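# Tertiary structure, described
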Amino acid sequence: MIDESGYDESRLRDWAAGRARGFSRRDLFALAAAAGVAGLVPSPAQAAGPIVKPLPPELFTVLGTNAETRWSALKDQGYYVPIDRFFVRNHTSTPIIDAAGWHLEISGSGLRGDAAHFDLRDLRRLPAETRAVTVECAGNGRGYYSKQQGQSVSGTAWGLGAVGVARWRGVRLSTVLRRAGLRRDAVDVQPSGLDPNYVTGGVDLGPVRRPMPLAKALDDVLLAYEMNGEPLPPDHGAPVRVIVPHWIGIASIKWVGRIEVSAEPLFSPWNTQFYRLFGPEFPADGLPFDRQVIKSAFELDPGTTFTAGRRVRLTGRSWSAGGPIRKVEVSTDGGATWRPARFHGPSHDGAWQRWELDWRPAAGAYELLARATDVHGDTQPEVARLNTLGYLFDAVVRVPVTAA
Ligand SMILES: Nc1nc2c(c(=O)[nH]1)N[C@H]1C(S)=C(S)[C@@H](COP(=O)(O)O)O[C@H]1N2
Ligand SMILES: [Mo]
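As the structure is a prediction and not an experimental result, all values here were calculated from the model.

## Considerations on the domain arrangement of the protein chain
For the protein chain, the assigned domains are domain 1 (4–288) and domain 2 (294–403). A separation of 28 Å is found between the C-alpha centroids of domain 1 and domain 2. Facing 42 residues of domain 1, the contacting portion of domain 2 comprises 35 residues. A buried area of about 3,600 Å², summed over both sides, lies between domain 1 and domain 2, and 56% of it is on carbon and sulfur atoms. For domain 1, the biggest contributors to the area lost against domain 2 are Trp-71, Tyr-79 and Tyr-145; these three give 22% of the whole.

## Details of the site of ligand 1
Lining the immediate surroundings of ligand 1 are 20 residues, of which Phe-87, Asp-195, His-236, Arg-241 and Lys-254 lie closest. Between ligand 1 and His-236 there is a distance of 2.7 Å, counted from an oxygen atom to a side-chain nitrogen or oxygen. Within the contact set of ligand 1, a nitrogen atom lies 3.0 Å away from a backbone nitrogen or oxygen of Ser-252. The fraction of the free accessible surface of ligand 1 (530 Å²) that becomes covered by protein chains is 100%. Grouping the constituent residues of the shell around ligand 1 by class yields 10 nonpolar, 6 polar and 4 charged.

## Re the packing of aromatic side chains
Taken as a whole and assessed by the stated rule, the structure comprises 18 aromatic pairs. Between Trp-71 and Trp-352 the ring centres are 5.9 Å apart and the planes differ by 50 degrees, which places this aromatic pair in the tilted class. With Trp-71 in the loop between β2 (66–69) and β3 (103–107) and Trp-352 in the loop between β22 (342–344) and β23 (353–359), the pair connects residues that are 281 residues apart, well separated along the chain. Since its relative accessible area comes to 1%, Trp-352 is described here as buried. Aromatic pair Tyr-145 and Phe-393: ring centres 5.0 Å apart, planes at 90 degrees, arrangement edge-to-face. Within this pair, whereas Tyr-145 is found in helix α4 (residues 143–147), its partner Phe-393 is found in the loop between β24 (364–374) and β25 (399–403), the two being separated by 248 residues in sequence. Residue Tyr-145 is classed as buried on the basis of its relative accessible area, which comes to 0%. Here Phe-393 falls in the buried class, since its relative accessible area comes to 0%. Cluster of aromatic residues (ring-pair linked, three or more members): Phe-86, Phe-87, Trp-158 and Trp-168.

Definitions and cut-offs
- Residues numbered from 1 in each chain as written.
- Chains lettered and ligands numbered in written order.
- Predicted model: local features only at pLDDT ≥ 70, side-chain atom pairs only at ≥ 80, totals over all residues.
- Heavy atoms only, no water.
- Domains from an automatic or database assignment.
- Contact = heavy atoms within 4.5 Å.
- Buried area = accessible area lost by both parts, 1.4 Å probe.
- Near = heavy atom within 4 Å.
- Polar contact = N/O pair within 3.5 Å; in protein donor to acceptor, adjacent residues only side chain to side chain.
- Areas by Shrake-Rupley, 256 points an atom, 1.4 Å probe, with all protein chains shown as cover.
- Nonpolar A, V, L, I, M, F, W, Y, C, P; charged D, E, K, R; others polar.
- Phe/Tyr/Trp six-rings, centres within 6.5 Å; stacked < 30°, edge-to-face > 60°.
- Helix = DSSP H or I, 4+ residues; strand = E, 2+ residues; numbered from the N terminus.
- Buried < 20%, exposed > 50% of the residue type's maximum accessible area, 1.4 Å probe, protein only.

Here it is, written out as structure tokens:
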């Protein structure tokens, strides 16, 4: 286990002191001044359109270049989210990469020697591991800052469907990094995607990339080439993506093409401009963060109508980056009274827990609430901490339904 908040604090000090390599405050100003000027790095891949797989409206809500899973589409599904309904978060668009021509470059000042290269066959020959890991966007639930808390935040207004659990198979990043030859003073590891560069406000921020400490990279990170037993599909990072357990989705870089290993702290816009908590409660430079929080969702769409007087089985799922879920309480009366939900099925690798509760509503309008507590006793608050970019919404969500 690594101490993420210690890492975040030390990187915040590096950044504030100008010890930032990769993306300093100066870069931020220079970029703002050069808005509209040609890109930092040429985009290596052809884009096929924002998302390749079909997005039928009964399974997805499309939000710009992204697609959110409808929670009603997970009812009666198994533990894992099938590929046909797994959410997609694309900064630009899904590239189509020829797996036979693909290779991964590992390079940087944290390596003992020159760059190392691995193609897909090299990776498949190394010892493989399969793990159940939750991928969740740090902005999942963002829409509820406005809908439920009356606060305005910027970013994709996700409901609760920017999350999924899949079985990821691949090779440990530590295996590959050790083969590449780590120096003793290596500190940070930064994967970059082969999707088109991210351009925002007329500024080309280069390929999607975000650093992590070497300790995390050596701990539990996978280079995944299979999802739910199938070759990784294009929208989820084919041929190879990074999977970073417990961390915010942006850490799990899709379509990985290069991994920089550095002997100095690394920065990118994805940990300086974005994925920081800004707002009245936070430091002026924003508070960096890496870990996901704790949430619950009912497997139904808000506004569902049930038959009055008939028993209905409410089902849902809860998950926490802190560890397995210990308890879920459900309220069918807007939070006045709570009942424990019954757990069903496993919690593979502690990724999420499915639960259910029977309810016989009389005719009327209701608000359903579910509140989870994890093994550390962390529980969902009534109100999420406002931050201007709307990350880490963890409050108990109020779901309106009716019985008629
Ligand atoms: N190269 C690349 N990797 C990326 C992204 C991206 O746009 N490009 N989006 C990130 C974000 S913000 C999230 S939440 C997850 C989403 O993974 P999924 O699309 O497989 O659900 O991928 C991450 N990895
Ligand atoms: Mo994300």
